[in-house]
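What follows is the residue order along each chain.
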Amino acid sequence: TYPITQWQQLSLINHLQQSEPDAVQIRPWLSSDNDTVVEFALRLVTIYKCHELYNEVIACLEHTSPMVRLQALQASKEIYEETTLPTLLHHFGNATKEEQLAILDILPEVGAGAGEISFLTSLLHYKDESIRYRAMQLIQKISPSWSSQVLLQVKDNPSFTSILPLLQKQAV
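For the structure given in this document, a descriptive report is provided here.

## A word on the packing of helix α3 (residues 35–48) against helix α5 (residues 66–78)
Here is step 1: Where α3 contacts α5, the two axes come as close as 8 Å, and the packing angle between them is 15°. With respect to α5, the axis of α3 lies roughly parallel. In this structure, α3 crosses over α5, and the sense of that crossing is left-handed. Of the residues in α5, those touching α3 at Asp35, Val38, Glu39, Leu42, Arg43, Val45 and Thr46 are Met67, Val68, Gln71, Ala72, Gln74, Ala75 and Glu78.
Here is step 2: Residues belonging to the contact of α3 with α5 are distributed by class as follows: seven nonpolar, three polar and four charged.

Right, here's the structure in full:
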């Protein structure tokens, strides 16, 4: 029930690399009462790409520890399935700001495309500037033609004053 330090986790990972743990060994750790054990198990899922633990990883998105949820997001990126994208979009509204930014970073890697433009466009009215900025970056990446229309629409919006020059620079 003691926390596992970062150093201990690195040492364990180094030791485990000699025998490559499998999903059967990792699965019980994902439901541990010790948050650092769950976080460590999620790192192992990420490293060893244990696709058979997908459901357990997604369940960790509801964990009480923010660090576990962030690690679960990283693991979901590595072992994503077709349900990952809608799951992340569903989780976005209840996520912390750090988790929301992580989700936005993960979206292109789990198949975000033109179908997510309306979700990303809705984030342009979000209260947090970093979320608005990241959403606009994704729109530019996914659909450059749509992003130029959006840039025209937000150019007079005071909430975009500080980030608009950066976005326009990236669009060029």
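## A word on helix α7 (residues 97–106)
Here is step 1: Within α7, seven of the 10 residues are buried, which leaves it mostly tucked inside the rest of the structure.
Here is step 2: Against α5, α6 (84–92), α8 (117–122) and α9 (129–142) lie the buried residues of α7.

## Let's talk about the pattern of salt bridges
Here is step 1: Counted under the stated rule, the structure contains six salt bridges.
Here is step 2: With its nearest N and O atoms 2.7 Å apart, the salt bridge here joins Glu99 to Arg69. Of this pair, Glu99 sits in helix α7 while Arg69 sits in helix α5; the two residues are 30 residues apart in sequence, bridging distant segments of the chain. Taken individually, Glu99 and Arg69 each receive the classification buried, so the pair is uniform in this respect.

## What about the packing of aromatic side chains?
To describe a pair of aromatic rings, you give the distance between the ring centres and the angle between the ring planes.
Here is step 1: Throughout the structure, instances matching the rule amount to three aromatic pairs.
Here is step 2: Taking the centre distance of 6.0 Å and the plane angle of 40° together, the rings of Trp29 and Phe40 count as tilted. Taken together, the residues Trp29 in the loop between α2 (23–26) and α3 and Phe40 in helix α3 connect sequence positions 11 residues apart.
Here is step 3: Classification of Trp29 by relative accessible area gives partly exposed; the value is 30%.
Here is step 4: Here the aromatic rings of Phe92 and Tyr126 are separated by 6.0 Å at their centres, their planes lie at 65°, and the arrangement is edge-to-face. Pair noted here: Phe92 is in helix α6 and Tyr126 is in the loop between α8 and α9, with a separation of 34 residues, a long-range link.

## Focus on the side chain of Arg69
Here is step 1: By relative accessible area, Arg69 is classed as buried at 13%.
Here is step 2: Not counting the four nearest positions on each side in its chain, Arg69 is found in contact with Cys60, Leu61, His63, Thr64, Thr96 and Glu99.

## Points about the packing of α7 against α9
Here is step 1: It is the contact of α7 with α9, at a shortest axis distance of 10 Å, that shows an interaxial angle of 5°. Comparing their axes, α9 and α7 come out roughly parallel. Contacts between α7 and α9 involve Lys97, Gln100, Leu101, Leu104 and Asp105 from the former and Ser130, Ile131, Arg134, Ala135 and Leu138 from the latter.
Here is step 2: Its residues placed into classes, the contact of α7 with α9 shows five nonpolar, two polar and three charged.

## Examining the nonpolar core
Here is step 1: Leu42, Val45, Leu104, Leu107 and Leu120 are the most contacted members of the largest nonpolar core, which has 45 residues in total.
Here is step 2: The dominant element in this core, judged by the number of residues it contributes, is α3, at seven residues.
Here is step 3: With sequence-adjacent residues up to four places away left out, Leu104 is seen in contact with Phe92, Phe119, Leu120, Leu123, Ile131, Arg134, Ala135 and Leu138.

## Observations concerning unusual backbone geometry
Here is step 1: Positive phi, normally seen in glycine, also occurs at Lys49, with a value near 45°.
Here is step 2: Here Lys49 lies in the loop between α3 and α4 (54–59).
Here is step 3: Classification of Lys49 by relative accessible area gives partly exposed; the value is 40%.

Conventions and cut-offs
- Residues numbered from 1 in each chain as written.
- Predicted model: local features only at pLDDT ≥ 70, side-chain atom pairs only at ≥ 80, totals over all residues.
- Heavy atoms only, no water.
- Axes fitted to C-alpha atoms, helices over the stretch in contact; angles between N-to-C directions.
- Helix = DSSP H or I, 4+ residues; strand = E, 2+ residues; numbered from the N terminus.
- Parallel < 35°, antiparallel > 145°, perpendicular 65-115°, else oblique.
- Left-handed = near helix turned anticlockwise from the far one by under 90°.
- Contact = heavy atoms within 4.5 Å.
- Nonpolar A, V, L, I, M, F, W, Y, C, P; charged D, E, K, R; others polar.
- Buried < 20%, exposed > 50% of the residue type's maximum accessible area, 1.4 Å probe, protein only.
- Salt bridge = Lys/Arg side-chain N within 4 Å of Asp/Glu carboxyl O.
- Phe/Tyr/Trp six-rings, centres within 6.5 Å; stacked < 30°, edge-to-face > 60°.
- Core = buried A, V, L, I, M, F, W, Y, C linked by side-chain atoms within 4.5 Å.

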